[in-house]
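Observations on the model geometry
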Amino acid sequence: KNKLKFKAELGSFGFWEDLGERLQSVAEVNGKHAHPFADDSLSASYQKFRTFTHGDPKQANLFFRAYNSELEVGLIDFQWSGFGLAATDVAHHITAAIHADVLGKGGEEALLRH
């Protein structure tokens, strides 16, 4: 039932048939920029942005509590942690935290403003 929720929107785009091939054609280049420390040709130019990252900052791995009028944050599951770009963790968190329904009716523009 939910799969048909965006049928009109998804059906209106004429480029879905070769989506996989097009994604694959840019995946390697974009992957190198998302994880530049795995590529020797990019690593040096990104060194100043090198940060220890969590690697899987989804909601299930974050814990919050109020303590002495302050907010404390706890993280678990450091299986994918390592050096990388902090922006990658932020992007992964947003991707995992935002439900598709929120992005409709101007929601995507509001998210990008913040």
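Refer to the structure presented above.
Residues numbered from 1 in each chain as written. Predicted model: local features only at pLDDT ≥ 70, side-chain atom pairs only at ≥ 80, totals over all residues. Heavy atoms only, no water.

A separate point is the overall build of the protein. For the protein, the helix and strand inventory stands at five helices and four strands. The helix and strand sequence of the protein, counted from the amino end, reads α-α-α-β-β-β-β-α-α. Burial analysis of the protein (114 residues in total) assigns 15% to the buried set. Contacts in the protein between residues at least 24 apart in sequence constitute 54% of all its contacts with a sequence separation of at least 6. (Helix = DSSP H or I, 4+ residues; strand = E, 2+ residues; numbered from the N terminus. Buried < 20%, exposed > 50% of the residue type's maximum accessible area, 1.4 Å probe, protein only. Contact = heavy atoms within 4.5 Å.)

Turning next to the pattern of salt bridges. Overall, the coordinates contain four salt bridges when judged by the stated rule. In this structure, the salt-bridge partner of D56 is K58, at a minimum N-O distance of 3.8 Å. Here R65 makes a salt bridge to E72, at a shortest N to O gap of 2.8 Å. The partly exposed category is assigned to R65, whose relative accessible area is 47%. (Salt bridge = Lys/Arg side-chain N within 4 Å of Asp/Glu carboxyl O.)

A few words now on a nonpolar patch on the surface. Together, F52, F64, L71, V73, L75, F78 and F83 line one region of the surface with nonpolar side chains, adding up to about 770 Å² of accessible area. With three residues, strand β3 (residues 70–75) is the largest single contributor of residues to the nonpolar patch. A relative accessible area of 39% places L75 in the partly exposed class. (Patch = residues over 30% accessible without salt bridge, like charges linked within 9 Å, V, L, I, M, F, W, Y side chains within 5 Å. Areas by Shrake-Rupley, 256 points an atom, 1.4 Å probe, with all protein chains shown as cover.)

Counted under the stated rule, the structure contains two aromatic pairs. Measuring from centroid to centroid gives 5.7 Å for F52 and F83, while their planes differ by 80°, and the two rings are edge-to-face. With F52 in strand β1 (residues 50–53) and F83 in strand β4 (residues 82–85), this residue pair connects regions lying 31 residues apart in the sequence. Across this residue pair, the class does not change: F52 and F83 are exposed. Sitting over the face of the ring of F83, R50 holds its NZ or CZ atom 3.7 Å from the ring centroid. (Phe/Tyr/Trp six-rings, centres within 6.5 Å; stacked < 30°, edge-to-face > 60°. Lys NZ or Arg CZ within 6 Å of the ring centre and 35° of its normal.)

In short, shape yes, function no, at least from these values alone.
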